[in-house]
Amino acid sequence: MSRTAVISIILTAGLIGCAPAPEVKKERPKVTRTSFGNTPEGTEVSLYTLKNSNGIEVGIINYGGIVVSLKTPDKTGHFADIVLGFGSLDGYLKEHPYFGALIGRYGNRIGGARFTLGGKEYKLAVNNGPNSLHGGVKGFDKKTWDAVVDNNSNSLILTYTSADMEEGYPGTLETEVKYTLTEDNELRIDYKATTDKETVVNLTNHSYFNLAGQGNGDILKHSIQIMSEKTTPVDATLIPTGELKDVAGTPFDFTAPHAIGERIDDAKDEQIKFGGGYDHNFAVDGQMGTLRPAARVTEPTTGRVLEVQTTEPGIQFYTGNFLDGTFPGKGGKVYKKRYGFCLETQHYPDSPNKPQFPTTALKPGGTYASTTIYRFPAPAR
Ligand code: BGC
């Protein structure tokens, strides 16, 4: 053996000798499945629980792809459920304001419940004033999805085939939504869809958050920053006028953080009046199609933080203005006005009737693809 080889063996042995003890990686728990009851048609609904090594836990059912619980720590390490919803399937089977659900085929409103595509008019269910909201009478939030677990990526993959002309929309839509809980404390949602005829698509998730814990009061003291310089102002039925309006000098300027409650009842602002608070689409700064920051929310007493990133052009900030305490929530909680807020990443409302907005049309051969991340960084102390 050469001298250099001997020296190198001695050096390596020395290094091993004083190397720090290898870090013991905590094993990430596997995704679990339990029964969440049966639909009236007798189909079993499953509850899938995804956990990460930091103790974050999300419960998702394959009925409506609904996020039924989401547990994250506060600044003292205490975990609480921070999304609104019901304790059992019954609540989700009745009419409710889309707690935690996947929304499709078209999230938010289509004006006059109609649109034309390829020279043909399509009529939709009128279920919100004169308009169509969240995909119609029986949207994707009320469908039972097929589910597959991928333990390698800590994901739940949901698929649903929406038939041609279901709820008035043309084309068979093959839809896939993949929920992933990462070790970086992100709930990542990847949406995909293909069609066999030209159609319109706008998928989102309708979780209501309360970072103080679900049912623990209103969200008015939460502070929010929205990375947006423009909104799509609406008419009295919440259909965009088609303009993009600067947020500067209005209660919609969240380019720096503000408490949600600070300007929510600004009687002088017509847009606030129309929404009964915030119920508006913000155009997210930066290039649509690239994952970029859209919003950041902090809750002062618990220190919890929520960061939203999306590839979508817009985000609907809805402050639960229509909640009125009638829903029996989880753990005996009731959800009164503004007890939760939604940050629904999306294409702009009524895009099928607004050629100036980014298109929501999907053609055969094309793939609709969109990603949103809800991240829960370490709580502020
Ligand atoms: C809409 C609100 C609606 C809520 C629940 C939100 O996406 O913008 O106007 O009340 O969903 O249906």
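Above this text sits the structure in question.
Computed from a predicted model, the values in this text were never measured in an experiment.

## Things to note about the sheet that holds strand β3 (residues 57-61)
Move 1: Read from one edge of the open sheet, five strands run β1-β2-β3-β4-β5, paired in antiparallel fashion. Two strands lie at the open edges of the sheet, namely β1 (32-38) and β5 (79-81), each paired on one side alone. Taking the axes of each pair of neighbouring strands and ignoring which way they run, one obtains an average angle of 20° across the sheet.

## Looking at the site of the ligand
Move 1: Residues in close proximity to the ligand total 13 residues, the closest being Arg109, His134, His206, Asp279 and Glu344.
Move 2: Interatomic distance of 2.4 Å between a side-chain N/O atom of Asp279 and an oxygen atom of the ligand.
Move 3: Glu344 is positioned such that a nitrogen or oxygen atom in its side chain is 2.7 Å from an oxygen atom of the ligand.
Move 4: Relative to its free-state accessible area of 310 Å², the ligand is covered by the protein chains to the extent of 94%.
Move 5: Here the ligand occupies the largest pocket.

## Looking at the environment of Asp266
Move 1: Take Asp266: it is sitting in the loop between β20 (258-259) and α3 (270-275).
Move 2: Taking the relative accessible area as the measure of exposure, Asp266 reaches 21% and is therefore partly exposed.
Move 3: Remark: the alpha-carbon pair of Asp266 and Gly314, spanning 48 residues in sequence, is separated by 23 Å.

## Quick word on the packing of aromatic side chains
Move 1: Inspection of every chain in the model, using the stated rule, returns 23 aromatic pairs.
Move 2: Ring plane angle 65° and centroid distance 5.0 Å describe the contact between Phe99 and Tyr208, whose orientation is recorded as edge-to-face. Note that Phe99 is positioned in the loop between α2 (89-93) and β6 (102-103) and Tyr208 in the loop between β16 (204-205) and β17 (223-226), a separation of 109 residues in sequence.
Move 3: Residue classification places Tyr208 among the buried positions, given a relative accessible area of 1%.
Move 4: With a centroid separation of 5.6 Å and an interplanar angle of 70°, the aromatic rings of Phe99 and Tyr335 are classed as edge-to-face. One end of the pair, Phe99, is in the loop between α2 and β6; the other, Tyr335, is in the loop between β24 (314-318) and β25 (342-346), with 236 residues separating them in the sequence. Just as Phe99 is buried, Tyr335 falls in that class too.
Move 5: Clustering of aromatic rings is evident, with ring pairs tying together Phe86, Tyr92, Phe99, Tyr208, Tyr318, Phe322, Phe327 and Tyr335.

## Let's talk about the pairing of β24
Move 1: Most of β24 is tucked away, with five of its five residues classed as buried.
Move 2: Every second residue of β24 is oriented toward a common face, with Gly314, Gln316 and Tyr318 on one face and Ile315 and Phe317 on the other, all of them buried.
Move 3: In this sheet, β24 lies alongside strand β21 (residues 279-283) in antiparallel orientation, the contact comprising five bridges. Note on β24: the bridge partner recorded for Phe282 is Ile315.
Move 4: Pairing analysis gives five bridges linking β24 to β25, with the strands arranged antiparallel. Within the sheet, the bridge partner assigned to Gln316 lies in β25 and is Glu344.

The rules behind these values
- Residues numbered from 1 in each chain as written.
- Predicted model: local features only at pLDDT ≥ 70, side-chain atom pairs only at ≥ 80, totals over all residues.
- Heavy atoms only, no water.
- Pairing = 2+ DSSP bridges.
- Helix = DSSP H or I, 4+ residues; strand = E, 2+ residues; numbered from the N terminus.
- Axes fitted to C-alpha atoms, helices over the stretch in contact; angles between N-to-C directions.
- Near = heavy atom within 4 Å.
- Polar contact = N/O pair within 3.5 Å; in protein donor to acceptor, adjacent residues only side chain to side chain.
- Areas by Shrake-Rupley, 256 points an atom, 1.4 Å probe, with all protein chains shown as cover.
- 1 Å grid on protein atoms, 1.4 Å probe; cavity = no way out; pocket = protein on both sides within 12 Å on 5 of 7 lines; lining within 4 Å.
- Sits in = over half its atoms within 2 Å of the grid points.
- Buried < 20%, exposed > 50% of the residue type's maximum accessible area, 1.4 Å probe, protein only.
- Phe/Tyr/Trp six-rings, centres within 6.5 Å; stacked < 30°, edge-to-face > 60°.

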